[in-house]
Amino acid sequence: MQLTLEFGGGLELLCDSEKIHKVNVDLPHGEEELTMKHLLSWVRTNVIKERPEMFIKGDTVRPGVLVLVNDCDWELSGQLETTIEDKDVIVFISTLHGG
């Protein structure tokens, strides 16, 4: 499944300073659909290059990370249970900044 992952608000620093990632993600073994829970695990393993604790806490994103799936806040579509489809665009934006 082809996806576009975008990182902003400083999260791109965890991904070798690359903001946009065009990726191919396989469905988890025995699963018929990809959920955000599976995708976050895949991102942690395959995209995040350093300090994953700044992005993930437990099996979800840290507080202060806004997640958009096709420009829709994931809180409106089921968060971890949100189903991801081919060609979806998932955006992760940190809303926490130093000052």
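Please refer to the structure placed before this passage.
Everything numeric in this text was worked out from a predicted model, so none of it was measured. (Residues numbered from 1 in each chain as written. Predicted model: local features only at pLDDT ≥ 70, side-chain atom pairs only at ≥ 80, totals over all residues. Heavy atoms only, no water.)

Colleague: Hey, could you go over the nonpolar core for me, with residue numbers and the actual values?
Modeller: Counting residues in each nonpolar core, the largest one holds 26 residues, and the members touching the most others are F7, M36, F55, I90 and F92. Mapped onto this core, the elements with two or more residues apiece are β1 (2–8), α1 (36–46), β6 (65–69) and β9 (89–94). At four residues, the largest contribution of residues to this core is made by α1. Those residues in contact with M36 that lie beyond four places of it in its chain are V67, V69, W74, Q79, L80, T82, I84, I90 and F92. (Core = buried A, V, L, I, M, F, W, Y, C linked by side-chain atoms within 4.5 Å. Buried < 20%, exposed > 50% of the residue type's maximum accessible area, 1.4 Å probe, protein only. Helix = DSSP H or I, 4+ residues; strand = E, 2+ residues; numbered from the N terminus. Contact = heavy atoms within 4.5 Å.)

Colleague: Give me the lowdown on the pattern of salt bridges, citing residues and values where you can.
Modeller: Under the criterion given, the structure shown has two salt bridges. Between K37 and D59 there is a salt bridge, and its shortest N-O distance comes to 3.5 Å. Separated by 22 residues along the polypeptide, K37 in helix α1 and D59 in the loop between β4 (56–57) and β5 (60–61) bring together distant segments of the chain. Accessibility expressed as a relative area gives 38% for K37, which makes it partly exposed. (Salt bridge = Lys/Arg side-chain N within 4 Å of Asp/Glu carboxyl O.)

By themselves, these figures tell us nothing about what the structure is for.
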